[in-house]
Amino acid sequence: MTHHKQSKMILDKAFKVGEVDDRIYGSFIEHLGRAVYEGVYEPDHPLADEQGFRKDVMDLVKELNVPLVRYPGGNFVSGYNWEDGVGPVEDRPKRLDLAWSTTESNQVGTNEFMDWAKKVNAEVNMAVNLGTRGVDAARNLVEYCNHPSGTYWSDLRISHGYQQPHNVKTWCLGNEMDGPWQIGHKTAEEYGRIAAESAKAMKWVDPSIELVACGSSNRSMPTFADWEATVLEHTYEHVDYISLHTYYGNRDNDLGNYLAQSLDMDEFIKSVIATCDYVKAKKRSKKNMYLSFDEWNVWFHSNEQDKQVEPWSEAPHLLEDIYTFEDALLVGSMLITLLKHADRVKIACLAQLVNVIAPIMTTKGGEAWQQTIFYPYMHASVYGRGTVLDPVISSPVYDSKDFTDVPYLDSTAVFNEDHNELTIFAVNRSQEDALTLDCDIRNFEDYQVIEHTVLENNDVKATNQDNHNNVKPHSNGDAVVTTGSIQAHLPKLSWNVIRLKKMA
């Protein structure tokens, strides 16, 4: 017999966190491993279009409804000369990529990537190199991408076959500049200065752009928080966002502790908000600094095999994590965590999109398939647009190795007023018991459940590698509305999407 734990939730239209910025469902393509080559781009593939882009991959990206893709890195960007990737393909140089010890062919560059993004209905979040380069290359790239015509760089773009400017609106000022692994690693003072000066010049070229300054590479960096405070000290009036990066992994094979790691993500976000607001107070500024969580995912499965890769190869198999069902549950909780902070987190990028720690995998010359983490990401992106509500939740809790009072119920809700739709996202972290959810929706009159989708599996280590439909959601959830409240059973270890619509 299945035991049930009881949980309660109250949702009210008046209690709001904030509007979802669509860019919170962004992703990331870096020139790393097989993300570009054999990922989005494989000219010899039977399903390649006239530009060499795989149509099967494009279809899956469209299914995810990805609004924004960060490009071209990542660690790669800190040694990248963007000029290598434009102009006639046959003239482009091969370069050593020191970030990943591979050889970069530059067959795909800025213009090709902009074309690809257009095909999948995504904007591009373009990164500039503040590692080996600086203000000059950054302002030139903005001019090349965004200036209409009549100047050296804009006319060069036109000569490359791109009459219309790309109008890239979001730009990253380098990547993980606090990391000793970064090409051109800098102190907070050094980075803060070059970021501020690059930001000024870039906005002088195009005042309509928004800029992301690098925060710490992760919360465990020894300089964390001090780095953010110093960088913002220099850049506060010139940038619009500061970045956060985090990856989790179940290295100890301790599931209760693993599924609680989204609590760490929550604390990380709160700490960065606090640091931003400290600098705001210190500067007596009226401006709020927003957050760009532009790298987040599970990443640990491939660490050992990456040590075996032959250096200086082209597009080697790198960072190819094969995700399990338990990883999909944590990704679901990470999405819920981002939504809970929708008032301050305006951009987020699941790292990455294809082959490299990705929801989509490809076989060279063969198929493209969905990993387990594809589904929570897709559900949140497709159904999680609107206003995030601030629910009152009461749930039983548990303690794990690193966390106390971990709620079994991890949940949030998004209200889309334009479509009269309410969507609840919920993870049941319990390994033994289903959760009974009793959700008060008193001021959502005439709302009925149109679908209760569940992702569940008896094997927490199940993957989609051999059988691509092994871990897949079903719509047999039992949520119903009775007199102003939703009653539902959330199976043990499950990701749930309960969709309601006004019926009158």
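Here we summarise the structure given alongside this text.

Cut-offs and rules
Starting from 1, residues in each chain are numbered consecutively following that chain's sequence as written. Residues qualify for local features only when their pLDDT is at least 70, as the model is predicted, and side-chain atom pairs are given and counted only at 80 or more; totals for whole chains, interfaces and linings, by contrast, use all residues. Hydrogens and water molecules were not included; the side-chain quantities draw on all heavy atoms of the structure. What counts as a ring pair is set by centres within 6.5 Å for rings of Phe, Tyr and Trp (its six-membered ring), and what kind of pair is set by the plane angle: stacked under 30 degrees, edge-to-face over 60, tilted for all other angles. Secondary structure counts use DSSP, requiring at least four H or I residues in a row for a helix and at least two E residues in a row for a strand, with both numbered from the N terminus. Note on classification: 1.4 Å probe, protein chains only; a residue is buried when its accessible area is under 20% of the maximum for its type, exposed when over 50%, partly exposed between these limits. Whether a charge sits over a ring comes down to the Lys NZ or Arg CZ being within 6 Å of the ring centre and within 35 degrees of the ring normal. Whenever a carboxyl oxygen of Asp or Glu lies within 4 Å of a side-chain nitrogen of Lys or Arg, that contact is scored as a salt bridge.

1. Re the packing of aromatic side chains
Aromatic ring pairs are described here by two measures, namely the spacing of the ring centres and the angle between the planes.
Here is step 1 of the chain: Under the defined criterion, the tally for this structure stands at 17 aromatic pairs.
Here is step 2 of the chain: Seen from their ring centres, Tyr71 and Phe113 are 3.9 Å apart, and the 5 degrees between their planes marks the pair as stacked. In this pair, Tyr71 is assigned in strand β4 (residues 68-71) and Phe113 in helix α2 (residues 110-119), connecting sequence segments 42 residues apart.
Here is step 3 of the chain: Ring centres of Tyr191 and Trp227 lie 5.7 Å apart, and the angle between their planes is 15 degrees; this geometry places the pair in the stacked category. Of the two residues, Tyr191 is situated in helix α5 (residues 188-205) and Trp227 in helix α6 (residues 226-235); the sequence distance between them amounts to 36 residues. This pair shows no difference in class: Tyr191 is buried, exactly as Trp227 is.
Here is step 4 of the chain: Feature note: the residues Trp82, Tyr144, Tyr152 and Trp153 constitute an aromatic cluster, connected by ring pairs.
Here is step 5 of the chain: Over the ring of Tyr408 we find Lys5, and its NZ or CZ is 4.5 Å from the ring centre.
Here is step 6 of the chain: Just above the ring of Tyr236 sits the side chain of Lys287; from NZ or CZ to the centre is 5.9 Å.

2. Remarks on the pattern of salt bridges
Here is step 1 of the chain: According to the stated counting rule, one finds 33 salt bridges in the structure shown.
Here is step 2 of the chain: Across the pair Arg385 and Asp22 runs a salt bridge whose closest N-O atoms are separated by 3.3 Å. Of this pair, Arg385 sits in the loop between α11 (374-383) and β15 (387-389) while Asp22 sits in the loop between β2 (16-19) and β3 (26-28), and the two are 363 residues apart along the sequence.
Here is step 3 of the chain: A relative accessible area of 16% places Arg385 in the buried class.
Here is step 4 of the chain: On the accessibility criterion, Asp22 (36% relative accessible area) is partly exposed.
Here is step 5 of the chain: Between Glu197 and Lys200 there is a salt bridge; the shortest N-O distance is 3.1 Å.

3. A short note on unusual backbone geometry
Here is step 1 of the chain: Cis geometry marks the peptide bond from Tyr71 to Pro72; its omega dihedral reads 0 degrees.
Here is step 2 of the chain: Topologically, Pro72 is positioned in the loop between β4 and β5 (95-97).
Here is step 3 of the chain: For the peptide bond that leads from Ala351 to Gln352, omega is -5 degrees, which places it in the cis range.
Here is step 4 of the chain: With respect to the helices and strands, the residue Gln352 is situated in the loop between β12 (345-351) and β13 (360-362).
Here is step 5 of the chain: Positioned with a positive phi, Asn420 is a non-glycine residue whose angle comes to about 50 degrees.

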